[in-house]
Amino acid sequence: MIAFDNVAYSYGGGELLSEVSLSLAPGSFHFLTGPSGSGKSTLLKLCYAELLPTAGQITIFDRDARGLSRDDVARVRRRIGVVHQDCQFLDHLPVATNVTLPLAVTRRETSAQDLEDLLAWVGLSHLAGAMPPELSGGERQRAAVARAVIMSPDVLLADEPTGNLDWEMSVRLLTLLVELNRMGKTIVIATHDMNLIRMAKSQVATRVLRIKDRRVQLAGADL
Amino acid sequence: MIRSILADMTPDPAADRVVPPTGHTAWLTQFTAGVMAFLAVFALALSMAAGRLADRWEDALARTATIRISAPEDQMQVQTEAVLALLSTTPGIAEARALSDDEQRALLAPWFGPDLPLDELPIPRLIELTEDGEGYDSEGLRQRLAAEAPGAILDDHDRWRRPLAIAAGRLQALGFGAVVLILAATGAVISLAAKASLASNDQVIRVLRQIGARDTYIARAFVRRFTLRALSGAAAGTLAGLVVLWLMPSGGDAAGFLTGLGFEGFGWLWAWTLPILSAAIAFAATRATAFAKLGTMR
Ligand SMILES: Nc1ncnc2c1ncn2[C@@H]1O[C@H](COP(=O)(O)OP(=O)(O)OP(=O)(O)O)[C@@H](O)[C@H]1O
Ligand SMILES: [Mg+2]
């Protein structure tokens, strides 16, 4: 789905990521960990062509990220659901509209039943009509997950999706993501939460990528 | 091209909603477009009225003058030839020609009837001259005529109108230039407003891009909004301008320029191109601004 070949990235200063090579196979489930500021969010941004590598090559759905036109980028992003670390919404539109936005921008409709099911799935049925600024941090994250999956994307990238959630909610969210993975979606979750990773490992075959000293390595059996 | 413009302007309430309503800035854009159109109506009316005036005066001038020779019959031929010879060496005169008896008779017929016995009456001989280029020096010509043919009188009383006709022509160009400038200012204002709107909706645009909206989708939401504002504002301004012009007292032909400051015939239709032009300019300005902004983000 997405492959990095000897990728480096820098925001202008020194290199933040170096010699990163990895491949996200269809249906795989990856965790991405590393200290704060190590470049987890940056790596995810490279995955959906928000950033372009400063060296090396990134292939997204068999296409070189550098060769994508702006419309290509839009098309690629319809196949990649993203849950941002700081979930952003259109604050003037209710949650339900925000969740269905990815369909709206491609002029597609969603059935009321599907939307209801989705909101129930993330536990937000009662907040469908609320405005995003009224939501708690955890509710925002769940709404962001709902928005990320409504297009039924091939890949789901989640940046600290459980950062604001209590353990019970985190487990529920993880269960949702595992379910999606079982449906064949490729999942990448950036997180510090080791308990979450252990929990996931007990349910599904996962790989853990760790960013250390600018390199991405496969974490060992210690997790 | 046409199809893409139509696509850009097709109402799409869902797409329009993704950009938050802007309240009073929306009203300001509309107001500005309206005021500009209102002013443009007057500039256009001025231009057209000046144009009509220039045409009328140009026609009246026709760049001709007449020399009248009154002389005793035995000197008539001599003086006529002397005047023609003189005119042929005067700079600024393209052509000079003595009217034939038939032509003179035709000129006088309205007053004296067709059976005028020209030979028996001391009718002055008329010489018609046509200017070229810068025209001739009428004072110099008068003096030379007095010396060579004492019976010849230069009649060029229409000449004083020439500077007026030129001024009217300039006024026409000025009015038209003002319309162009006003439309350009409308475009500049809309560009600024669109730029401000895009900047204040930076987060909205980022979110839309991130979830896979194409540039055209995002740009359209802004383009539609500003085009419709410019169109409605300019339409109101044009209407107001036309009403004011229409209420101006009509003084008939005698009143001349000031009361003639309206539209005639197709002029009224020309005024209605102003809202359309404003909308087209807003469309282009917003589109360019939106794509420039989108080009700065992934
Ligand atoms: N737009 C930017 N311009 C310059 N530097 C940036 C930019 N975004 C991030 N950085 C820097 O790059 C580094 C990595 O940032 P990134 O957000 O990828 O870290 P992270 O691993 O996601 O951290 P966290 O766990 O705190 O979310 C940080 O030092 C950050 O300051
Ligand atoms: Mg981060």
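Right above here is the structure, for reference.
In short, a report on the structure. Remember, predicted model here, so these are calculated numbers, not experimental data.

## Comments concerning the sheet that holds strand β2 (residues 17–24) of chain A
Residues and elements named next belong to chain A.
Alright, step 1. The strand order across the open sheet formed by four strands is β2-β1-β4-β5, and the pairing between neighbours is antiparallel. Here the strands that pair on one side only, and so sit at the sheet edges, are β2 and β5 (63–64).
Alright, step 2. Where strand β1 (residues 2–9) and β2 come together, five bridges link them in antiparallel fashion. Across the sheet, residue Val7 finds its bridge partner in β2, namely Val20.

## Comments concerning the site of ligand 1
Residue and element names in this part refer to chain A.
Alright, step 1. If you check the shell around ligand 1, you find 13 residues, and the closest are Ser36, Lys40, Ser41, Thr42 and Gln85.
Alright, step 2. Here Ser36 contributes a side-chain N or O atom positioned 2.5 Å from an oxygen atom of ligand 1.
Alright, step 3. With respect to ligand 1, the side chain of Thr42 contributes an N or O atom lying 2.5 Å from an oxygen atom.
Alright, step 4. Within the complex, 57% of the 630 Å² of free accessible area of ligand 1 lies under protein.
Alright, step 5. Grouping the amino acids of the shell around ligand 1 by side-chain chemistry returns three nonpolar, eight polar and two charged.

## Some points on the interface of chain B and chain A
Alright, step 1. Counting residues at the interface gives 23 residues for chain B, matched by 25 residues for chain A.
Alright, step 2. Carbon and sulfur atoms supply 48% of the area buried between chain B and chain A, which totals about 2,300 Å² over both sides.
Alright, step 3. The largest contributions to the chain B side of the interface with chain A come from Gln210, Ile211 and Arg298 of chain B, which together make up 34% of the buried area.
Alright, step 4. For Asp215 of chain B, the salt bridge identified is with Arg70 of chain A, shortest N-O distance 2.5 Å.
Alright, step 5. Linking chain B with chain A are twelve residue pairs in polar contact (both at pLDDT 80 or more).
Alright, step 6. Looking at the side of chain B that touches chain A, the elements that each hand over two or more residues are α8 (202–210) and α9 (215–247) of chain B.

## Details of the packing of aromatic side chains
Alright, step 1. This structure, assessed with the given rule, holds four aromatic pairs over all chains.
Alright, step 2. For the ring pair Phe29 of chain A and Phe31 of chain A, a centre distance of 5.5 Å and an interplane angle of 45° mean the geometry is tilted.
Alright, step 3. When its relative accessible area of 2% is taken as the criterion, Phe29 of chain A is described as buried.
Alright, step 4. On the accessibility criterion, Phe31 of chain A (0% relative accessible area) is buried.
Alright, step 5. Consider the rings of Phe38 of chain B and Phe42 of chain B, whose centres lie 5.1 Å apart with planes at 80°: the pair is edge-to-face. Of the two residues, Phe38 of chain B and Phe42 of chain B are both situated in helix α3 (residues 24–61); the distance of four residues between them amounts to about one turn of the helix.
Alright, step 6. What makes Phe38 of chain B partly exposed here is its relative accessible area of 28%.

## Here we look at the nonpolar core
All names here are of chain A.
Alright, step 1. Grouped together as the largest cluster of nonpolar side chains are 43 residues, with contacts concentrated most on Phe29, Phe31, Val99, Leu156, Leu174 and Ile189.
Alright, step 2. At the level of secondary structure, the elements contributing two or more residues to this core comprise β3 (29–33), α3 (95–99), α5 (112–121), α6 (137–149), β7 (155–159), α7 (167–182), β8 (186–190) and α8 (194–201).
Alright, step 3. A total of seven residues in this core trace back to one element, the largest contributor, which is α7.
Alright, step 4. Residues contacting Phe29, with those up to four places away along its chain left out, are Leu174, Leu177, Val178, Asn181, Ile187, Ile189, Val204, Ala205, Thr206 and Arg207.
Alright, step 5. One finds Val7, Tyr9, Tyr48 and Ile211 within the second-largest nonpolar core, a separate group that totals 32 residues.

## Thoughts on the side chain of Ser278 of chain B
All names here are of chain B.
Alright, step 1. The topology assignment puts Ser278 in helix α12 (residues 273–294).
Alright, step 2. For Ser278, a relative accessible area of 2% gives the class buried.
Alright, step 3. If we skip the residues at most four places from it in the chain, Ser278 touches Leu183, Ala230 and Ala234.

So, how was this worked out
Every chain begins its residue count from 1, and numbering advances along the sequence as written. For naming, the first written chain is A and the first written ligand is 1, with later ones following in the order written. Per-residue local features are limited, in this predicted model, to residues with pLDDT of at least 70; the limit for side-chain atom pairs, both in listing and counting, is 80 or more; totals at the level of whole chains, interfaces and linings are taken over all residues. By convention in this description, side-chain values take in all heavy atoms of the structure and omit both hydrogens and water. DSSP calls a pair of strands paired once it identifies at least 2 bridges connecting them. Helix and strand definitions follow DSSP, with helices as H or I runs of at least four residues and strands as E runs of at least two, each counted in order from the N terminus. For this purpose, a residue is taken to be near a molecule or strand whenever a single non-hydrogen atom of the residue falls within 4 Å of it. Under this definition, polar contacts are N or O atom pairs within 3.5 Å; protein pairs additionally need one hydrogen-donor-capable and one acceptor-capable atom, and for neighbouring residues in sequence, both atoms have to be side-chain atoms. For the area figures, the Shrake-Rupley method with a 1.4 Å probe applies, and any residue is considered shielded solely by the protein chains shown. All residues other than Ala, Val, Leu, Ile, Met, Phe, Trp, Tyr, Cys, Pro, Asp, Glu, Lys and Arg, Gly among them, are scored as polar; the first ten of these are nonpolar and the last four charged. Residue contacts follow a heavy-atom distance rule, with two residues in contact if any of their heavy atoms lie within 4.5 Å. Accessible area that two parts lose when put together, evaluated with a 1.4 Å probe and summed over both, is termed the buried area. Salt bridges are defined as contacts in which a side-chain nitrogen from Lys or Arg sits within 4 Å of a carboxyl oxygen from Asp or Glu. Only centres within 6.5 Å qualify two rings of Phe, Tyr or Trp (six-membered ring in Trp) as a pair; their planes then separate them into stacked at under 30 degrees, edge-to-face at over 60, and tilted for everything else. Working definition: with a 1.4 Å probe on protein chains only, accessible area under 20% of the residue-type maximum means buried, over 50% means exposed, and in between means partly exposed. Residues belong to one nonpolar core when they are buried, are Ala, Val, Leu, Ile, Met, Phe, Trp, Tyr or Cys, and are joined through side-chain atoms within 4.5 Å.

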